[in-house]
Amino acid sequence: MTQYEMIRSQLSQAVPFANYVGIEVIEVGDGVGVTALDQRDETSNHIQSQHAGAMFTLGEAASGAALAGAFGPMIFQARPVASGASISYVKIAKGRLEAHAKTERPGPDLVKELEEVGKSAFDITVDIRDGDGDTVVTMTVGWHVRKA
């Protein structure tokens, strides 16, 4: 099992709310994360599209996966906290969605900053796509990470 597979399996259990909503962690890599959400009655709104809150949770989970991948095994000695987010709903979203997240700086740079300064602040961009590959949501999540 690679470090990223280990982190991916841990993330699937680590955030009870994301698990409750039905978020699936698909991929974790160096500063990248991919999550998915199948549309169900519980994640739908009054017009039978994906609920804005469900899509926000999907994007935030992908950003957390990218963060965890950037810090690698060191993530277990870090305390990440989302500091803010902006989101734009671009298109009506139906069906299975995938969120693709990427850190603004490479993982080794973030790890070095955490080791040298004891904290790091950065943004992660998220692109949520529908089954046709069309962007339905764009999002930026700000993160603060401190040594635990």
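(A) Up close: the sheet that holds strand β5 (residues 119-129). A sheet is described by the order of its strands in space; here six strands give the open sequence β1-β2-β4-β5-β6-β3, paired in antiparallel fashion. This sheet does not close on itself; its edge strands, each paired only once, are β1 (24-29) and β3 (78-89). Adjacent strand axes in the sheet meet at a mean angle of 20 degrees when their direction is disregarded. Across five bridges, the pairing between β1 and strand β2 (residues 32-37) is antiparallel. Its bridge partner lying in β2, E24 is registered against A36. Its contacts with the sheet put helix α3 (residues 52-71) on β1, β2, β3, β4 (97-103), β5 and β6 (135-147), and the angle it makes with β4 is roughly 40 degrees.

(B) View of the nonpolar core. Counting 38 residues, the largest nonpolar core has L67, F71, F122 and I128 as its most contacted members. Elements with a minimum of two residues in this core: α2 (16-21), β1, α3, β4, α4 (107-117), β5 and β6. For this core, the leading source of residues is α3, giving eleven residues. Other than its neighbours up to four places away in sequence, L67 contacts I75, P80, T103, F122, I124, W143 and V145.

(C) Examining the pairing of β2 more closely. Among the six residues that make up β2, five are buried, leaving the element largely enclosed by the rest of the structure. What sits between the antiparallel neighbours β1 and β2 is a turn of two residues, in which G31 has the positive phi angle 80 degrees. Alignment of β2 against β4, held across six bridges, turns out to be antiparallel. Among the inter-strand pairings, G33 is bridged to a residue of β4, identified as A101.

Reading the values: rules and limits
- Residues numbered from 1 in each chain as written.
- Predicted model: local features only at pLDDT ≥ 70, side-chain atom pairs only at ≥ 80, totals over all residues.
- Heavy atoms only, no water.
- Pairing = 2+ DSSP bridges.
- Helix = DSSP H or I, 4+ residues; strand = E, 2+ residues; numbered from the N terminus.
- Axes fitted to C-alpha atoms, helices over the stretch in contact; angles between N-to-C directions.
- Contact = heavy atoms within 4.5 Å.
- Core = buried A, V, L, I, M, F, W, Y, C linked by side-chain atoms within 4.5 Å.
- Buried < 20%, exposed > 50% of the residue type's maximum accessible area, 1.4 Å probe, protein only.

As far as function goes, none of this settles anything; it's purely spatial.
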